[in-house]
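# Coordinates in review
Each chain is listed here by its residues.
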Amino acid sequence: MKHLQGKTALVTGGAHRVGRMLVFALAQAGADVIIHYGRSAQSAQHTAQDVQRMGARAWLLQADLADLSAAADLMERAWNVQPVDFLINNAAIFEDLVWNDTTLPDWQRHMDINLTAPFLLSQGFARKRAGMPAGRIVNILDWRALRPADDHLPYTISKAGLAALTRSLAVALAPDTTVNGLALGAILPPSDGGQGGTILERVPAGRWAQAEEIGQALLFLLSGAGYTTGEILHLDGGRHLL
C-alpha cells in the first residue's frame, strides 16, 4: 500500500545496513526519500537507484555528522531539496569500547554523532515545520539504551541519551510533532565483527529480524496512531527482557 504517497522522509545513515532497510520501507510505502550518507558514496548511489526503481524519488546529501556545524546545516539543505515530513535519525557509530579503553575523543565522537546530531536535526525539523501539519520523528535506538551494561560503553550511553531525548522532545514538540523511538536488537550481524556467533543465544525469538519487520515497525510509527508519542518500541525478539 502506498499510504505515504506524497510524503518525504530524511533518513540519516541511509546508504547501507539498517538505514538501507528503512529507506526501502519508506519507498515501498510511496514516500520520497532524502538519503544522508557520510562516507559511503557508492552504497548511497546504489540505494538511491533502487529507490527510483521502486517508483519513488531519491536525493543524496553527504555530511559528516561528527562536524556539528554540518549536522546543524543538514536539515536546511534537505529542506532546499524538498519539505520534509518525516525525520529518521538512524546514523550512528558503534565501537567496541569498554570504560578503560575509551578516550575522551572516542567518547565525544559517539556523543556528537549518536546524540547531538539527532538533537540538532530534530530542532531544525521542528522549526521548519512550525505552522504546518504535524510531522513525525523516529529515533533509531538499541535495546541497550534501556538496559545499559559495560560493553560498547560510549555507544550505549549515547543511545541511552537518545532515548531520554526522544521522551523529552515528545513533550517539548507536542502537539505539532510526534517523537518516538525504535529500539533494535538482532537485526544484522555486528559491523565490527563482535559476538556475532553468540547473539542469538540471548534472543528469546531465536532468530534475526526480517527486513519487512523493521519496515512494519517504522511505518507504524510514521502512519499509525498520531496519539502515539514518546514511545520506545522494541524490535529485538525479546532481548531486552533478559
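Counting from 1, residues in each chain are numbered in the order their sequence is written. In view of the model being predicted, local features appear only for residues whose pLDDT reaches at least 70, and side-chain atom pairs are presented and counted only at 80 or more, with totals across whole chains, interfaces and linings using the full set of residues. Derived side-chain values reflect all non-hydrogen atoms in the structure, with water molecules and hydrogen atoms excluded from consideration.

### Let's talk about the nonpolar core
Here is the rule we go by: Only buried residues count toward a nonpolar core. Its members are Ala, Val, Leu, Ile, Met, Phe, Trp, Tyr and Cys residues joined through side-chain atoms within 4.5 Å. Relative accessibility under 20% of the residue-type maximum defines a buried residue, over 50% an exposed one, and the middle range a partly exposed one, all with a 1.4 Å probe and only protein chains included. Helical segments are the DSSP runs of H or I of at least four residues, strand segments are the runs of E of at least two, and each set is numbered from the N terminus. We call two residues contacting when some pair of their heavy atoms lies within 4.5 Å.
Ranked by size, the top nonpolar core spans 33 residues in total, and within it L10, L65, M75, V84 and L87 carry the most contacts. Listing elements by their share of this core, those giving two or more residues are α3 (68–81), α4 (104–128), β5 (135–142), α5 (153–172) and β6 (177–184). Those residues in contact with M75 that sit more than four places away from it in its chain are L10, V84, L87, L121, G124, F125 and K128.

### Here's the deal with the pairing of strand β3 (residues 58–62)
To be explicit about the condition: When DSSP locates at least two bridges between a pair of strands, those strands are taken to pair. The handedness rule is simple: strands pointing away from the viewer, and a clockwise path from the first strand over the helix to the second, make the crossover right-handed.
Pairing of strand β2 (residues 32–37) with β3, which is carried by 5 bridges, proceeds in the parallel orientation. By the bridge assignment for β3, H36 is matched with L61. In terms of handedness, the path from β2 via helix α2 (residues 41–53) over to β3 forms a crossover that is right-handed.

### A look at the pattern of salt bridges
Any two side chains of opposite charge can pair, so long as their charged atoms come close to each other. Under the convention used in this document: Any Lys or Arg side-chain nitrogen found within 4 Å of a carboxyl oxygen on Asp or Glu counts as a salt bridge.
According to the stated counting rule, one finds 10 salt bridges in the structure shown. Of the charged contacts, one joins E95 and R109 as a salt bridge, the two residues approaching to 2.8 Å between their closest N and O atoms. Of this pair, E95 sits in the loop between β4 (86–89) and α4 while R109 sits in helix α4, placing them 14 residues apart in sequence. Note that R207 is salt-bridged to E213, the shortest N-O span being 2.7 Å. Connected via shared salt-bridge partners are R20, D50 and R53.

### Examining the environment of A92
Mapping A92 onto the fold places it in the loop between β4 and α4. Judged by relative accessible area, which is 38%, A92 ranks as partly exposed. Aside from chain neighbours lying at most four places away, what touches A92 is I113, N114 and K159.

### Focus on the sheet that holds strand β7 (residues 232–235)
Defined as follows: The convention used is that axes are lines fitted to C-alpha atoms, helices contributing only their stretch in contact, and that angles between N-to-C directions extend from 0 to 180 degrees.
Taken in spatial order, the 7 strands of this open sheet run β3-β2-β1-β4-β5-β6-β7, and their pairing is parallel. The outermost strands of the open sheet, each flanked by one partner alone, are β3 and β7. Shown here is a sheet whose adjacent strand axes are inclined to one another by a mean of 20°, direction ignored. Where strand β1 (residues 8–11) meets β2, 4 bridges bridge the pair, whose relative direction is parallel. Residue pairing in the sheet places A9 in a bridge with V33 of β2. Relative to β3, α3 is tilted by about 155°, and along the sheet it contacts β1, β2, β3 and β4.

### What to know about the side chain of N89
Using the following cut-off: Under the rule applied, a polar contact is a pair of N or O atoms within 3.5 Å (in protein, one hydrogen donor and one hydrogen acceptor; residues adjacent in sequence only if both atoms are side-chain atoms).
Position of N89 among the secondary structure elements: in strand β4. Accessibility expressed as a relative area gives 3% for N89, which makes it buried. Within polar-contact distance, the side chain of N89 engages the side chain of S122 at 3.4 Å. When neighbours within four sequence positions are excluded, N89 is seen to be in contact with T12, P118, L121, S122, I137, V138, N139 and I140.

### Quick word on the packing of α4 against α5
Convention followed: We call two directions roughly parallel when the angle between them is under 35 degrees, roughly antiparallel when it is over 145, roughly perpendicular when it lies between 65 and 115, and oblique otherwise. Take the far helix as your reference; a near helix turned counterclockwise from it by less than a right angle gives a left-handed crossing, and one turned clockwise gives a right-handed crossing. Note on residue classes: Ala, Val, Leu, Ile, Met, Phe, Trp, Tyr, Cys and Pro are nonpolar, Asp, Glu, Lys and Arg are charged, and everything else, Gly too, is polar.
Running from N to C, α4 and α5 cross one another at 20°; their axes reach a closest spacing of 8 Å. Considering the angle they form, α4 stands roughly parallel to α5. For the pair α4 and α5, the sense of crossing is right-handed. Only P154, Y155, I157, S158, G161, L162, L165 and L169 of α5 make contact with α4, whose side of the interface consists of D106, W107, H110, M111, N114, L115, P118, F119 and S122. Split by residue class, the contact of α4 with α5 holds 11 nonpolar, 5 polar and 1 charged.

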